[in-house]
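Results of the structural survey
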Amino acid sequence: MRSKRASIPDLYQDLGTTDPRWIALLSRDKAADGDFWYSVSTTGVYCRPSCPSRLANPVNVTLHDTLETARATGFRSCRRCHPERVSLQHENAALAAKACRIIEESETSPSLEDLADAIGRSPSYFHRLFKAATGLTPKAYAAAHRARRVRQNLDDGTSVTAAIYDAGFNSSSRFYEKSTEMLGMTPTQYRRGGDKEEIRFAAGQTSLGSILVASSAKGIAAILLGDEPETLLRDLQDRFPKARLIGADRDYEALISRVVGLVENPGIGLDLPLDARGTVFQRRVWLALQNIPAGERMSYSKIAHRIGLPSATRAVAGACAANRHAVAIPCHRVVRNDGAVSGYAWGIDRKQELLDREAKRNA
């Protein structure tokens, strides 16, 4: 009896278990355009991952990290997907990056209409484009940028009043309505380095080792993993050197049990507010991480493309390393372009275990 011949999609699925680029190629993922290219020896062409051409047998396909190595094959550029051209994904990312620069260089927050006009798109199209590229609306990005300017000015010793107006607020009353949300505390407390800010915390145990959860008035300020609770407490003290740390009571320990449940089953998510303090760029990266579905993995370069800064791969890795919310902001789902697991603040073994748990849950 003749054995059933494996289909081309099945062959790609098998390859995808070792290199996620094969899955991107199989699904013709437009978000992967610019991450890699591929050439086909039987047709003598090279293409971008989203090429609509018929799938080639993977034994005849070579993956290329750069356009230059694809050209070096001596094959011609595909006439269907035009891999030499800038993809729509990259074009939109460049437009979003231009809008970000306009926001950052403006004394006051520009309107949606002004931003759309500056990049030559309609307001509704620009709004969708910007959010798809950065994960934030233009208004939210402007607010995050103003918050960063306020924090930077206060860190430099600028008076609260000067910091308010330099960040583009038209009145102090509007600023104070948002100040606690922006800074996690009053402006005066922030200038003092969080002096007298109260941080509640509790430690516990998970199957991955010790865990420490800390909260400010705004939300969960840190979820730390490690081998010993004493080490995690010193880490917390280093992160909030002037805050008043308060050992949690029984009510607070009910919250830590929910976080432990997230570690044991990272696919369930955590429906609790987070106090994620960072730069505008870091917060854009962290939001992009929270949009990665459980069980999926994404490369640092793809995250950079998603936030509209395709050349910021290393900065994305730095933002992942600065994340203080283990599992809740799932930087464990970010891997290298070749799918290899690397770079996790709480240890590579824990990262691999979290990925394995999500994969089993989705199986």
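Everything here concerns the structure above.
So, here's what we can say about the structure. Please read these numbers as outputs of a predicted model, since none were measured by experiment.

About the thresholds
Residues numbered from 1 in each chain as written. Predicted model: local features only at pLDDT ≥ 70, side-chain atom pairs only at ≥ 80, totals over all residues. Heavy atoms only, no water. Pairing = 2+ DSSP bridges. Helix = DSSP H or I, 4+ residues; strand = E, 2+ residues; numbered from the N terminus. Axes fitted to C-alpha atoms, helices over the stretch in contact; angles between N-to-C directions. Contact = heavy atoms within 4.5 Å. Buried < 20%, exposed > 50% of the residue type's maximum accessible area, 1.4 Å probe, protein only. Parallel < 35°, antiparallel > 145°, perpendicular 65-115°, else oblique. Nonpolar A, V, L, I, M, F, W, Y, C, P; charged D, E, K, R; others polar. Salt bridge = Lys/Arg side-chain N within 4 Å of Asp/Glu carboxyl O. Polar contact = N/O pair within 3.5 Å; in protein donor to acceptor, adjacent residues only side chain to side chain. Phe/Tyr/Trp six-rings, centres within 6.5 Å; stacked < 30°, edge-to-face > 60°. Lys NZ or Arg CZ within 6 Å of the ring centre and 35° of its normal.

**Points about the sheet that holds strand β8 (residues 244–247)**
Spatial strand order, β7-β6-β5-β8: four strands in an open sheet with mixed pairing. Strand pairing shows two members of the sheet lacking a second neighbour, β7 (220–226) and β8, which therefore form its edges. The mean inter-strand angle of the sheet, taken between neighbouring strand axes irrespective of direction, is 25 degrees. Of the pairings in the sheet, the one linking strand β6 (residues 209–215) to β7 comprises six bridges and is antiparallel in character. Of the residues in β7, the one forming a bridge with S210 is G226. Relative to the sheet, helix α12 (residues 250–264) contacts β5 (198–206), β6 and β7, its axis offset from that of β5 by approximately 50 degrees.

**Thoughts on the sheet that holds strand β1 (residues 37–40)**
Pairing between the strands of a sheet is mediated by backbone hydrogen bonds and can be parallel or antiparallel. An order of β3-β1-β2-β4 is seen for the four strands of this open sheet, with the pairing classed as mixed. Sheet topology places β3 (61–64) and β4 (76–77) at the edges, where each strand pairs with a single neighbour. Note: strand β2 (residues 45–47) against β4, two bridges, orientation parallel. Bridging across to β4, Y46 finds its partner in S77.

**Things to note about the pairing of β1**
Neither face of β1 is exposed, since W37 and S39 on one face and Y38 and V40 on the opposite face are all buried. Summarising the sheet, β1 and β3 pair through four bridges and their orientation is antiparallel. Residue pairing for β3: S39 is matched across the bridge by T62. Sheet topology places β1 next to β2; three bridges connect them, and they run antiparallel. Note that in β2 the partner of Y38 across the bridge is C47. Hairpin remark: β1 followed by β2, antiparallel, with four residues in the connecting loop; positive phi at G44, about 70 degrees.

**Description of the packing of helix α13 (residues 280–290) against helix α15 (residues 313–322)**
The relative placement of two packed helices is expressed as an angle between their axes plus a distance between the axes. Remark: α13 packs on α15, axes separated minimally by 9 Å, with the N-to-C direction vectors making an angle of 80 degrees. In terms of axis orientation, α13 runs roughly perpendicular to α15. Together, F281, Q282, V285, W286 and L289 of α13 and A315, V316, A319, C320 and A322 of α15 make up the contact between the two elements. Residues belonging to the contact of α13 with α15 are distributed by class as follows: nine nonpolar, one polar and no charged.

**Considerations on the pattern of salt bridges**
In this structure the tally under the stated criterion is 11 salt bridges. The partner of D275 in a salt bridge is R277, with the nearest N and O atoms 2.8 Å apart. A residue is classified by how much of its surface remains accessible, and R277, at 23% relative accessible area, is partly exposed. Here the salt bridges share partners, and the residues they tie into one network are E68, R71 and E84.

**Digging into the packing of helix α4 (residues 88–105) against helix α6 (residues 123–134)**
Axis separation between α4 and α6 bottoms out at 9 Å; the angle between their running directions is 95 degrees. Here α6 runs roughly perpendicular to α4, going by the angle between their axes. Note on element contacts: α6 touches α4 through Y125, F126, L129, F130, A133 and T134, opposite L88, N92, A93, L95, A96, A99, C100 and I103.

**So, the side chain of S216**
Residue placement: S216 occurs in the loop between β6 and β7. One polar contact links S216 to D275, side chain to side chain, over a distance of 2.6 Å. Setting aside anything within four residues of it in sequence, one finds S216 in contact with E197, E198, I199, A221, D275 and R277.

**Some details on unusual backbone geometry**
Here the phi dihedral of R28 falls at roughly 50 degrees; this positive angle occurs in a residue that is not glycine. Topologically, R28 is positioned in the loop between α2 (20–26) and β1. Here the phi dihedral of V327 falls at roughly 70 degrees; this positive angle occurs in a residue that is not glycine. Here V327 shows up in the loop between α15 and β10 (334–335).

**Observations regarding the side chain of R350**
Relative to the elements of secondary structure, R350 occurs in helix α16 (residues 348–362). Here the side chain of R350 touches G226 through a polar contact of 3.0 Å, landing on its backbone oxygen. The residues contacting R350, other than those within four sequence positions of it, are L208, G209, L225, G226, D227 and Y344.

**What about the packing of aromatic side chains?**
Centre distance and the angle of the planes are the two values used to describe a pair of aromatic rings. Applying the stated criterion across every chain, the model contains three aromatic pairs. Arranged with centres 5.7 Å apart and planes meeting at 55 degrees, the rings of F126 and F130 form a pair that is tilted. Pair noted here: F126 and F130 are both in helix α6, with a separation of four residues, about one helical turn. For F126, a relative accessible area of 0% gives the class buried. For the pair F130 and Y141, a centre-to-centre distance of 5.9 Å together with 75 degrees between the ring planes defines the contact as edge-to-face. Taken as a pair, F130 in helix α6 and Y141 in helix α7 (residues 138–155) lie far apart in primary sequence, 11 residues in all. Of the two residues, F130 and Y141, both sit in the buried class. One aromatic cluster in this structure is built from F126, F130 and Y141. If you follow R21 out to its NZ or CZ, it ends over the ring of F36, 5.9 Å from the centre.

Take it as geometry only, folks, not as evidence of what the structure does.
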